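Notes for the structure review
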Amino acid sequence: MSKMIINTACSCLFGEDVRKQLDAKEFARLLLEMEQSLIPAAVFWPMLGYLPTPGANKRTVARNRISEILSNICDARQADDSKVHNDCLQGMLEATYRDGTSMSIHEICGMIVAMMFAGQHTSSLSTTWTLLHLSQPENKA
């Protein structure tokens, strides 16, 4: 299901070109590695996220690989002026802060990862509840 959600999110939010270039299976695996290394208490004590644990190492490797993948996709898009893109990724690539600086690729990757986490969990929960509701005897046709 993760591959389907990633392909759908990529197509809807980031454009068909991103969906075609992105290996959804690898991306899903990398997101899972990042998610499994999260420490809930780090929300309150952020320094916990910087402890040298095996999970932190896996998270860093996964994050760096995601950054590499997305950097290549962003570079390819910026190099191709022949097509106009009207999607979330293009908005981030063209966004500037009040002082005129553009978003860095690190920031863009962070936003994409956050969107993918949010979309993946929302879609999974919605699908689960829908199927549960439809499986009830009173909902059978």
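Everything below is about the structure printed above this text.
Residues numbered from 1 in each chain as written. Predicted model: local features only at pLDDT ≥ 70, side-chain atom pairs only at ≥ 80, totals over all residues. Heavy atoms only, no water.

This next bit is on the nonpolar core. Within the largest apolar cluster, 28 residues are counted, with the highest numbers of intra-cluster contacts made by I6 and M116. For this core, the secondary structure elements donating two or more residues are α1 (2–14), α3 (24–36), α4 (54–79), α5 (88–94) and α6 (105–134). In contact with M116, not counting residues within four places along its chain, are I6, A9, C10, F14, F27 and L31. (Core = buried A, V, L, I, M, F, W, Y, C linked by side-chain atoms within 4.5 Å. Buried < 20%, exposed > 50% of the residue type's maximum accessible area, 1.4 Å probe, protein only. Helix = DSSP H or I, 4+ residues; strand = E, 2+ residues; numbered from the N terminus. Contact = heavy atoms within 4.5 Å.)

At a minimum axis distance of 8 Å, the contact between α3 and α4 shows a crossing angle of 145 degrees. As for the relative orientation of α3 and α4, their crossing is left-handed in sense. Each of E26, F27, L30, L31, E33 and M34 in α3 lies in contact with α4, whose residues at this interface are K58, R59, A62, R63, R65, I66, I69 and L70. (Axes fitted to C-alpha atoms, helices over the stretch in contact; angles between N-to-C directions. Left-handed = near helix turned anticlockwise from the far one by under 90°.)

Here we take up the pattern of salt bridges. Summed over all chains, the structure comprises four salt bridges. Measuring nitrogen to oxygen at the nearest pair gives 2.8 Å for the salt bridge that ties R29 to E33. Here E33 and R29 lie together in helix α3, a separation of four residues that amounts to about one turn. Judged by its relative accessible area of 41%, R29 falls in the partly exposed class. Of the charged contacts in the structure, one is a salt bridge between R65 and E68, with a shortest N-O distance of 3.1 Å. One end of the pair is R65 and the other is E68, both in helix α4 and three residues apart, which spans about a single turn. Overall, the relative accessible area of 29% leaves R65 in the partly exposed class. One network of salt bridges, with partners in common, ties together E26, R65 and E68. (Salt bridge = Lys/Arg side-chain N within 4 Å of Asp/Glu carboxyl O.)

By the definition in use, this model includes one aromatic pair. Relative to W45, the ring of F44 has its centre 6.3 Å away and its plane inclined at 65 degrees; by these criteria the two rings are edge-to-face. A relative accessible area of 65% means that F44 is categorised as exposed. For W45, a relative accessible area of 48% corresponds to the partly exposed category. (Phe/Tyr/Trp six-rings, centres within 6.5 Å; stacked < 30°, edge-to-face > 60°.)

All right, on to the environment of D75 then. With respect to the helices and strands, D75 occurs in helix α4. Taking the relative accessible area as the measure of exposure, D75 reaches 47% and is therefore partly exposed.

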